[in-house]
Amino acid sequence: QVQLVESGGGSVQTGGSLKLSCAASTPIFSFYVMGWYRQVPGKEREWVANITSQGYTQFSDSVKGRFKIFRDNGKKTVDLQMNSLQPEDTANYLCHAAPGIFLSDPRQYWGQGTQVTVSS
C-alpha cells in the first residue's frame, strides 16, 4: 500500500506560479512512475505530467512549456512547478503512482488531491 500526500495548492492570479509537492510512503518509491492529474467537478480526470525513475518527463499539450515535474527518489517526493497559470488550470490536482517495469504488483495509487484556483 502506498500513501500519497499532496501539498502546495492555493489561489493565484493569472500568470502566477505555484509548486505542488507529493510525498510518498513507500520505500520503493524509485520503482514507480510518478505523475500528476487534475480534475474539475463534472469533468473527466485529465493527465497533466509524469516522470520515470530515471527522470524522463512527459507533459500534456495543455501544460507543455509552462509546467515542470521533478522527483527526488531519496526524499520520495515529486513536485509539479506550475508557471504562467491560467484560469483553465483551476482544478483539484492529484498525485499518481504507477508501477514501473520492475514491479509485478499492478496496483496504482492516488492522493487525495490539492486544489489550485487561478483567478483572472
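Residues numbered from 1 in each chain as written. Predicted model: local features only at pLDDT ≥ 70, side-chain atom pairs only at ≥ 80, totals over all residues. Heavy atoms only, no water.

Q: Explanation requested: the environment of Trp47 in the structure shown.
A: Within the element layout of this structure, Trp47 appears in strand 5 (residues 46–51). The class of Trp47 is partly exposed, set by a relative accessible area of 27%. Trp47 sits 48 residues away from Cys95 along the chain, and the two C-alpha atoms are 10 Å apart. Residue contacts for Trp47: discarding those within four places in its chain leaves Trp36, Tyr37, Gln58, Phe59 and Ser60. Within the local environment of Trp47, its side chain forms a polar contact with the backbone oxygen of Ala49, the two atoms lying 3.4 Å apart. (Helix = DSSP H or I, 4+ residues; strand = E, 2+ residues; numbered from the N terminus. Buried < 20%, exposed > 50% of the residue type's maximum accessible area, 1.4 Å probe, protein only. Contact = heavy atoms within 4.5 Å. Polar contact = N/O pair within 3.5 Å; in protein donor to acceptor, adjacent residues only side chain to side chain.)

Q: How should the pattern of salt bridges be read in this particular structure?
A: Proximity of charged atoms lets side chains of opposite charge pair with each other. Summed over the entire model, instances satisfying the criterion amount to six salt bridges. Residues Glu46 and Arg38 are paired through a salt bridge, measuring 2.9 Å at the closest nitrogen-oxygen approach. When its relative accessible area of 30% is taken as the criterion, Glu46 is described as partly exposed. A relative accessible area of 6% means that Arg38 is categorised as buried. Look at the salt bridges and you will find they share partners, linking Arg38, Glu46, Arg66 and Asp89 into a network. (Salt bridge = Lys/Arg side-chain N within 4 Å of Asp/Glu carboxyl O.)

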